Every structure is written in structure tokens, then in C-alpha cells.
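Coordinate analysis (summary)
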Amino acid sequence: MKTYVVKQKDINRNWYVIDAKDKVLGRLATEVARLLRGKHKPIYSPNVDTGDYVIVINAEKIKLTGNKLQQKEYVYHTGYSGGRKAIRYDRLLDTKPEKAIELAVKGMLPHNRLGRQMYRKLKVYAGEEHMHEAQKPEVYEF
């Protein structure tokens, strides 16, 4: 028996559109991360980017369960002394709804160059419109 090694020519990348309307943020993010990594394919290999491109539309209509809308915070640091900033998710979804999905998915990908390569295949849009019609994306339901 021989071990199968994925080659670049064997990888076929598809484009998927996911509608985030009334979907829970974490459940959507896990499914998007799974598609970006390529875990849904039989040729999956953890050291090769075998994933597909994912377009998420209607990011502004995403849902959070429980009290997360008021309690969950996006915390970051500006780099200056005392530069810790925190934004609650209700405000984040009002100002930058794409950022909430991007942060959730980015945290579920590997934290190395391979993860950054996978993250570049994610396209998130607040509304219904996206500019990737030429790629003929398929609608993905889960």
C-alpha cells in the first residue's frame, strides 16, 4: 500500500456562496473554516491548502445566541502604551458586520502561513451583492 500525497495539480478549487441571513455566527464560522481548509474533500491533507473559495453575503443579518450581543467584546491593542481597545459585538455588527465573521473564521484556521493563505480565499460582504459572478459560485446550504 502506498501513501497518497496531494500535488498542486490534483487540487480543484470551487467557489461557494453562503447566505449568512439568520445563521448563528459560530456555526457559520465552523462551516466556512471547514470549506476553506478543504476538510470536506477526500484529498484533504493538513499540510496542503486543498480548500475552496468562500463568499459570505448578508453579514449584517448574522445572529448571536444568548447575551453575547451585549457581553462579547472584540479586544485589540493599538501598539501604544495603554492602547487596549474593546468594542462590543452589538456596535461591531452595526459598524463593520464583515469583521465579526472574518474574526470568527480566522480564529478557526491554523495560525501560521498556511492559515493566512487559506484566509485569503474568504470574501465577506455586508449586503446581498458580491463581485464574483464571473467565477460562477455555487450556493452552499448547511
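A few words now on the nonpolar core. One finds Leu28, Val32, Val54, Val56, Ile101, Val105 and Leu122 to be the most contacted residues of the largest nonpolar core, which totals 29 residues. The set of elements that each furnish at least two residues to this core consists of strand 1 (15–19), helix 1 (25–37), strand 2 (53–57), helix 3 (89–95), helix 4 (97–108), helix 5 (113–119) and strand 5 (122–124). In terms of residue count, the dominant contributor to this core is helix 1 (seven residues). Once residues within four sequence positions are removed from consideration, Leu28 is found in contact with Ile18, Ala20, Lys23, Val56, Ile62, Ile101 and Phe142. With five residues, the next largest nonpolar core counts Val17, Ile55, Ile57 and Tyr125 among its residues.

This part takes up helix 1. Spanning 13 residues, helix 1 covers 18 Å between terminal C-alpha atoms, matching the ideal 18 Å at 1.5 Å per step. The set of residues buried in helix 1 consists of Leu25, Leu28, Ala29, Glu31, Val32, Ala33, Leu35, Leu36 and Arg37. Each element contacted by the buried residues of helix 1 is listed here: strand 1, strand 2, helix 3, helix 4, helix 5 and strand 5. Backbone geometry just downstream of helix 1 places Gly38 in the positive-phi region, at approximately 90 degrees.

Another point: the environment of Ile87. Among the structural elements, Ile87 can be located in strand 4 (residues 84–88). Spatially, the C-alpha atoms of Ile87 and Tyr74 are 5.2 Å apart, while their sequence positions differ by 13 residues. When residues no more than four places from it in sequence are discounted, the contact partners of Ile87 are Lys72, Glu73, Tyr74, Tyr76 and Leu92.

Note on strand geometry: in a regular strand, side chains alternate between the two faces of the sheet. Buried residues dominate strand 1, accounting for four of its five residues. The pairing of strand 1 with strand 2 spans five bridges and is classified as parallel. Following the sheet pairing, Ile18 is matched in strand 2 by Val56. Regarding topology, helix 1 serves as the crossover connection from strand 1 to the parallel strand 2, and that connection is right-handed. Strand direction decides the pairing type here: strand 1 and strand 6 (residues 138–139), joined by two bridges, are parallel. The partner of Val17 across the bridge, within strand 6, is Val139.

Evaluation of the coordinates by the stated rule reveals six salt bridges. In this structure, the salt-bridge partner of Lys63 is Asp22, at a minimum N-O distance of 3.7 Å. In this pair, Lys63 is assigned in the loop between strand 2 and helix 2 (68–71) and Asp22 in the loop between strand 1 and helix 1, connecting sequence segments 41 residues apart. Using a relative accessible area of 51% as the deciding quantity, one classes Asp22 as exposed. In this structure, the salt-bridge partner of Lys41 is Asp52, at a minimum N-O distance of 2.8 Å. On the criterion of sequence distance, the pair formed by Lys41 in the loop between helix 1 and strand 2 and Asp52 in the loop between helix 1 and strand 2 is long-range, its members being 11 residues apart. There is no split in this pair, since Lys41 and Asp52 are both buried. Among the charged side chains, a salt-bridge network with shared partners connects Arg13, Asp49 and Lys121.

Let us look at the packing of helix 1 against helix 4. Viewed as axis vectors pointing N to C, helix 1 and helix 4 meet at an angle of 55 degrees, and their least axial separation amounts to 9 Å. As the angle between them shows, helix 1 and helix 4 are arranged oblique. Seen from above, helix 1 lies across helix 4 with right-handed handedness. Residues Leu25, Gly26, Leu28, Ala29, Thr30, Val32, Ala33 and Leu36 of helix 1 touch helix 4, and the partners they reach there are Ala100, Ile101, Ala104, Val105 and Met108. The residue makeup of the contact of helix 1 with helix 4, split by class, is 11 nonpolar, two polar and no charged.

The rules we used
- Residues numbered from 1 in each chain as written.
- Predicted model: local features only at pLDDT ≥ 70, side-chain atom pairs only at ≥ 80, totals over all residues.
- Heavy atoms only, no water.
- Core = buried A, V, L, I, M, F, W, Y, C linked by side-chain atoms within 4.5 Å.
- Buried < 20%, exposed > 50% of the residue type's maximum accessible area, 1.4 Å probe, protein only.
- Helix = DSSP H or I, 4+ residues; strand = E, 2+ residues; numbered from the N terminus.
- Contact = heavy atoms within 4.5 Å.
- Expected span 1.5 Å × (residues − 1).
- Pairing = 2+ DSSP bridges.
- Right-handed = clockwise from strand over helix to strand, strands pointing away.
- Salt bridge = Lys/Arg side-chain N within 4 Å of Asp/Glu carboxyl O.
- Axes fitted to C-alpha atoms, helices over the stretch in contact; angles between N-to-C directions.
- Parallel < 35°, antiparallel > 145°, perpendicular 65-115°, else oblique.
- Left-handed = near helix turned anticlockwise from the far one by under 90°.
- Nonpolar A, V, L, I, M, F, W, Y, C, P; charged D, E, K, R; others polar.

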